[in-house]
Each structure stands twice: as C-alpha cells, then as structure tokens.
Amino acid sequence: MTSKTVHLAVYDTLADWETGHATAWLARAGFTVRTVGADPGKPVTTIAGIRILPDLALDELRPEDSALLILPGAEKYDEGDELAPFTAAARSFLDAGVPVAAICGATAGLAREGLLDDRAHTSAAPFYLAATGYAGAERYVEADAVTDGDLVTAGPTEPVAFAREIFARLGAYEGRRDAWFRLFHDSDLAAFAELNG
C-alpha cells in the first residue's frame, strides 16, 4: 500500500455513528481522511443534521490515490439510485485491488451493484439484502463484520467491529487491535493499558 489517504464517501442521510471509530482512529494511526461527495461545492446533511462540505468530487476519485474507500450507510440507499455512482466507484476500487468498506445501507448498494454476489459479506439482516434481488444470498455470513479479500462489510449496530476489520485490512494497530476492540466494544478497562502501553 503506497497511499496513506482514506476516502470517506459523504451524502445526504449518512448515518453518523457508523464510521466515527474507523475514521478517528485511522487518523490517529497516521492516515489522512478525505471526504468525497457528488459535488464538492455542495454540503451534505447527515441523519443527525450535521453539514459536511466534501473535500473532493466523486468524479475526481481515483483508486490509485487511495488506501481505502469507506461507504457509510444512508437512507438514500433505500430510496432510489441516487447513490449508485458511489457503488460504481466501489467497483472500480475493487477491480483495482484497493479495499472498500461498506456498512449498513451501503451494503444494499453493493448488492445492487453485484459486488456481493461472489464475496462473503454481512449486513443488517439477510432479508434486507434479499430485498435487493441480488444473487449472493448464499455468501451471507451472520457475523458482526466480515472481510473477504478487499471488501469489509458490517451491519449498522457494529461500528466498532467494522473499524477493527478496517484496521486489520490496512495493517493499523498491529499487536494492539484486540485491546482496542475490547476497550471500545466490551468496555474492558484493562485493555486501555494494553492499547496505550
């Protein structure tokens, strides 16, 4: 991996809680996090009502300039094809061998794009993805988060497991990931000393 830049897709109705652990701790590990939107001159509004002005236009995003593309969930994934360009970008990343991490509604977008047909994956629930009509139901895994090669997936209640899988894929926090997970997932105070030791 040559790039230390992680790209976070941002769009209206983005689920704020799903990517915070991953992006904050990647930044602490020396990665640069840049936001990518359909129009960098137009702010997007998250589910919480937070406005984000994207750093970069989606049509300027290139896999070779990135270590990872993160697709957070959003209600827009279930309201039509508006976010299809983001899942098309995920396809170009995966085709180029650059990792993609998708959580919650973004997994439905990947399912519609055909990117889960041949990869192990998870999401909110099997019936949620089945509603997309995708062909990958046999590859669905009941787990908090799943990594299959360059693809990381998780459901909406698992932002900590999602981050753990991202760290593993990018080689961040080697030897300390278990402590990090126990601290933030299990509230294991003993893990604090391990993480910061």
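Since this is a predicted model, take the numbers as computed values, not measurements.

Caption draft 1: Main features of the packing of helix H1 (residues 20–28) against helix H5 (residues 159–170). Between H1 and H5, whose axes approach to 8 Å, the crossing angle comes to 40°. In this view, H1 runs oblique relative to H5, as classed from their interaxial angle. In this structure, the crossing between H1 and H5 has a hand that is right-handed. Contacts between H1 and H5 involve His21, Ala22, Trp25 and Leu26 from the first element and Pro159, Val160, Ala163, Ile166, Phe167 and Leu170 from the second. Within the contact of H1 with H5, the residues separate by chemical class into nine nonpolar, one polar and no charged.

Caption draft 2: Highlighting the pattern of salt bridges. One pass over the full model with this rule turns up 13 salt bridges. For Asp78, the salt bridge is made with Arg112, and the minimal N-O distance between the two is 3.8 Å. Of this pair, Asp78 sits in the loop between strand E6 (68–71) and helix H2 (84–95) while Arg112 sits in helix H3 (residues 105–112), placing them 34 residues apart in sequence. The exposure class of Arg112 is partly exposed, given its relative accessible area of 43%. The closest approach of N and O atoms between Glu165 and Arg164, which form a salt bridge, is 3.0 Å. Its relative accessible area of 17% is what places Glu165 among the buried residues. Each member of the salt-bridge network shares a partner with another, and the members are Asp178, Arg182, Asp188 and Glu194.

Caption draft 3: Here's a closer look at unusual backbone geometry. Phi at Tyr173 takes a positive value of approximately 60°, unusual for a residue other than glycine. Of note, Tyr173 is situated in the loop between H5 and helix H6 (177–186). Classification of Tyr173 by relative accessible area gives buried; the value is 9%. Phi angles above zero are rare outside glycine, and Ser187 is one such case at about 55°. Structurally, the position occupied by Ser187 is in the loop between H6 and helix H7 (190–196). Judged by relative accessible area, Ser187 falls into the exposed class, the value being 58%.

Caption draft 4: Spotlight on the side chain of Glu158. With respect to the helices, strands and loops of the structure, Glu158 is situated in the loop between strand E9 (151–154) and H5. No salt bridge is formed by the buried Glu158. Its closest oppositely charged neighbour is Arg164, at 7.0 Å. Those residues in contact with Glu158 that sit more than four places away from it in its chain are Ile103, Asp144 and His185.

Caption draft 5: Summary view of the layout of surface pockets. Considering only enclosed or pocket space, the largest pocket measures out at about 230 Å³ in volume. Taken together, 14 residues form the lining of the largest pocket, with Tyr11, Ala38, Asp39, Val44 and Glu82 sitting closest to its centre. Split into classes, the residues belonging to the lining of the largest pocket amount to nine nonpolar, one polar and four charged.

Caption draft 6: Structural view of the sheet that holds strand E2 (residues 32–37). As summarised here, the arrangement of the seven strands in space is E5-E2-E1-E6-E7-E9-E8, forming an open sheet in which the pairing is mixed. Two strands in the sheet have a free side with no partner beyond their single neighbour: strand E5 (56–57) and strand E8 (145–148). In this sheet, E5 lies alongside E2 in parallel orientation, the contact comprising two bridges. Bridging across to E5, Gly37 finds its partner in Ala57.

So, how was this worked out
- Residues numbered from 1 in each chain as written.
- Predicted model: local features only at pLDDT ≥ 70, side-chain atom pairs only at ≥ 80, totals over all residues.
- Heavy atoms only, no water.
- Axes fitted to C-alpha atoms, helices over the stretch in contact; angles between N-to-C directions.
- Helix = DSSP H or I, 4+ residues; strand = E, 2+ residues; numbered from the N terminus.
- Parallel < 35°, antiparallel > 145°, perpendicular 65-115°, else oblique.
- Left-handed = near helix turned anticlockwise from the far one by under 90°.
- Contact = heavy atoms within 4.5 Å.
- Nonpolar A, V, L, I, M, F, W, Y, C, P; charged D, E, K, R; others polar.
- Salt bridge = Lys/Arg side-chain N within 4 Å of Asp/Glu carboxyl O.
- Buried < 20%, exposed > 50% of the residue type's maximum accessible area, 1.4 Å probe, protein only.
- Lys, Arg positive; Asp, Glu negative; His and termini not counted.
- 1 Å grid on protein atoms, 1.4 Å probe; cavity = no way out; pocket = protein on both sides within 12 Å on 5 of 7 lines; lining within 4 Å.
- Points joined across faces, edges and corners; volume = space filled by probe spheres on them.
- Pairing = 2+ DSSP bridges.

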